[in-house]
Amino acid sequence: MHQIVFNEISAAELSAIPTLEQMELVSAFQVDENCLKANPSDTRFGVVEREGRKIYRFRSRDYRIYFTVEGDGTVVVQRVLHAASLNDFLFRSGMGKGSEDQKLGASRSFWKLIDDGEHANRK
């Protein structure tokens, strides 16, 4: 288990979720070294990559948590997004075939969302 830190943006996104769903999401978000390795059988976790940058994805029900892991093992939650907002984003971006992670990895707009989270203050 790692220390989990939310930035201002991801904390606000989490707080917008109904309380019971927040608790379920945070309770399910358990990160260890095995989660961070490619494991096709565990579809809850994924990796979005572009130009040497890597961000991890955790999927639980209708939500996606995008996070990075620092050298000391600290998990920094960059964004908490509803699946419908991602599907709408992908549709509006005209992204073609491929997995959700592959599509997001190719999208400059997605990386802008992540950059905004990385530069936000931590809570």
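Everything below is about the structure shown above.
Residues numbered from 1 in each chain as written. Predicted model: local features only at pLDDT ≥ 70, side-chain atom pairs only at ≥ 80, totals over all residues. Heavy atoms only, no water.

> Sorry if this is basic, but what is going on with the overall build of the chain here?
Of the regular secondary structure elements, the chain holds 6 helices and 5 strands. Reading the helices (α) and strands (β) of the chain from amino to carboxyl end gives β-α-α-α-β-β-β-β-α-α-α. Counting the 123 residues in the chain, one finds 42% classified as buried. Accessible area of the chain: about 7200 Å², with a carbon and sulfur share of 49%. (Helix = DSSP H or I, 4+ residues; strand = E, 2+ residues; numbered from the N terminus. Buried < 20%, exposed > 50% of the residue type's maximum accessible area, 1.4 Å probe, protein only. Areas by Shrake-Rupley, 256 points an atom, 1.4 Å probe, with all protein chains shown as cover.)

> Looking at this structure, I do not really get the pattern of salt bridges. What am I missing?
Once their charged atoms are close, side chains differing in charge can pair, the charge on each being opposite to the other. With the rule as written, the count across this model stands at 5 salt bridges. Glu13 is the salt-bridge partner of Arg79, the closest N and O atoms lying 2.7 Å from each other. Taken as a pair, Arg79 in strand β5 (residues 75-82) and Glu13 in helix α1 (residues 8-15) lie far apart in primary sequence, 66 residues in all. Of the charged contacts, one joins Glu51 and Arg50 as a salt bridge, the two residues approaching to 3.9 Å between their closest N and O atoms. Residue classification places Arg50 among the buried residues on the basis of a relative accessible area of 19%. (Salt bridge = Lys/Arg side-chain N within 4 Å of Asp/Glu carboxyl O.)

> Is there a simple way to think about the pairing of strand β3 (residues 53-60) in this case?
Both faces of the sheet carry side chains from a regular strand, because those side chains alternate between them. As defined by bridge partners, strand β2 (residues 45-50) adjoins β3 across 6 bridges and the pair is classed as antiparallel. Residue pairing in the sheet places Arg50 in a bridge with Arg53 of β3. Examined bridge by bridge, β3 and strand β4 (residues 63-69) share 5 bridges and lie antiparallel to one another. Bridge assignment links Tyr56 to a residue of β4, and that residue is Phe67. With antiparallel pairing between neighbouring strands as the criterion, β3 and β4 make up a hairpin whose turn holds 2 residues, including Arg61 at a positive phi of roughly 50 degrees. (Pairing = 2+ DSSP bridges.)

> Explanation requested: the sheet that holds β4 in the structure shown.
Strand pairing in a sheet takes place through backbone hydrogen bonds and is either antiparallel or parallel in direction. Strands sit in the order β1-β5-β4-β3-β2 across an open sheet of 5 strands; the sheet is mixed. Looking along the sheet, the strands with just one partner apiece sit at the ends: β1 (4-6) and β2. For this sheet, the mean angle separating the axes of adjacent strands, direction not counted, is 35 degrees. This element, α1, spans β1 and β5 of the sheet and lies at about 40 degrees to β5. (Axes fitted to C-alpha atoms, helices over the stretch in contact; angles between N-to-C directions. Contact = heavy atoms within 4.5 Å.)

> Whenever I open this one, the packing of aromatic side chains confuses me. Can you help?
Given two aromatic rings, one states the distance between the centres and the angle between the planes to describe the pair. Enumeration over the complete set of coordinates arrives at 5 aromatic pairs. Ring geometry for Phe29 against Phe67: centres 5.2 Å apart, planes inclined by 75 degrees, an arrangement best described as edge-to-face. With Phe29 in the loop between α2 (19-28) and α3 (33-36) and Phe67 in strand β4, the pair connects residues that are 38 residues apart, well separated along the chain. Phe67 matches Phe29 in its accessibility class, with the two residues each being buried. Centroid distance Phe45 to Phe67: 6.4 Å. Interplanar angle 85 degrees. Geometry classified as edge-to-face. Of this pair, Phe45 sits in strand β2 while Phe67 sits in strand β4, placing them 22 residues apart in sequence. Each member of the pair, Phe45 together with Phe67, is buried. (Phe/Tyr/Trp six-rings, centres within 6.5 Å; stacked < 30°, edge-to-face > 60°.)

> Would you mind going over helix α6 (residues 108-118) with me for this structure?
Since the α-helix advances by 3.6 residues per turn, residues separated by three or four positions end up pointing in the same direction. Looking only at α6, the buried set comprises Phe110, Trp111, Ile114 and Gly117. What you see down the axis of α6 is that its buried residues fit within an arc of 110 degrees, all on one side. (Arc of directions from axis to C-beta.)

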